[in-house]
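# Survey of secondary and tertiary structure
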Amino acid sequence: MKHWLRSFDPSVLAMAIMRMLSAFIELCAALLMLAFNDVKKALAINAGLAVVGPTVMIVTMTIGLLSLADELSFSRLGLVALGVALILFAIYK
């Protein structure tokens, strides 16, 4: 098992673990909504999830960009940062 984990790039492994954590949080939230069976509580849980999604996206993008920083030129890195900023702008506007 240890040999299998060593075959992954550490950045890719960290990004995948973040996404798995996000999926686990989403699944737990869905189960809590079903357990409470109340619209007000379901909306409160859903509001909490509105923070999780963008946070996980920012963290995974940061991990990926930091691992690629030595391979990308500053102009390309700037374009990626601009793309992420536009995504966040679109989410919150």
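Residues numbered from 1 in each chain as written. Predicted model: local features only at pLDDT ≥ 70, side-chain atom pairs only at ≥ 80, totals over all residues. Heavy atoms only, no water.

### Notes on the overall build of the protein
- From N to C terminus, the protein includes 4 helices and 0 strands.
- Element order for the protein, N to C, with α for helix and β for strand: α-α-α-α.
- Taken over the C-alpha atoms alone, the protein extends approximately 50 × 45 × 10 Å along its principal axes.
- Evaluated residue by residue, the protein yields a buried proportion of 14% over its 93 residues.
- Counting only contacts in the protein whose residues sit at least 6 apart along the sequence, the fraction spanning at least 24 positions is 61%.
- Of the roughly 7,200 Å² that the protein leaves accessible, carbon and sulfur atoms contribute 74%.
- Put simply, the protein has 7 plus and 5 minus side-chain charges, and the middle of one group is 7 Å from the middle of the other. (Helix = DSSP H or I, 4+ residues; strand = E, 2+ residues; numbered from the N terminus. Buried < 20%, exposed > 50% of the residue type's maximum accessible area, 1.4 Å probe, protein only. Contact = heavy atoms within 4.5 Å. Areas by Shrake-Rupley, 256 points an atom, 1.4 Å probe, with all protein chains shown as cover. Lys, Arg positive; Asp, Glu negative; His and termini not counted. Charge placed at Lys NZ, Arg CZ, Asp CG, Glu CD.)

### Some remarks on the side chain of S22
- With respect to the secondary-structure elements, S22 resides in helix α2 (residues 10-36).
- Judged by relative accessible area, which is 8%, S22 ranks as buried.
- Those residues in contact with S22 that sit more than four places away from it in its chain are V52 and V56.

### A short note on helix α3 (residues 39-68)
- Taking 1.5 Å per residue, 30 residues should reach 44 Å; α3 reaches 44 Å between its end C-alpha atoms and fits that length.
- Among the residues of α3, those classed as buried are A42, I45, L49, V52, P54, V56, M57, T60 and G64. (Expected span 1.5 Å × (residues − 1).)

### Some points on the side chain of T60
- Here T60 lies in helix α3.
- Residues in contact with T60, not counting those within four places in the same chain, are M15, M18 and R19.

### Some points on the confidence of the model for the protein
- Across the protein, the average pLDDT comes to 88, with 98% of residues at or above 70.
- In the model of the protein, helix α1 (residues 2-6) stands out as the element of lowest mean pLDDT, 74, in contrast to α2, which has the highest, 95. (pLDDT = per-residue confidence, 0-100.)

### So, the packing of α2 against α3
- Where α2 meets α3, the closest approach of the two axes is 9 Å, and the angle between their N-to-C directions is 175°. If you check the angle between α2 and α3, you find them roughly antiparallel. (Axes fitted to C-alpha atoms, helices over the stretch in contact; angles between N-to-C directions. Parallel < 35°, antiparallel > 145°, perpendicular 65-115°, else oblique.)

### Considering unusual backbone geometry
- Positive phi, normally seen in glycine, also occurs at N37, with a value near 55°.
- As for its position among the elements, N37 is in the loop between α2 and α3.

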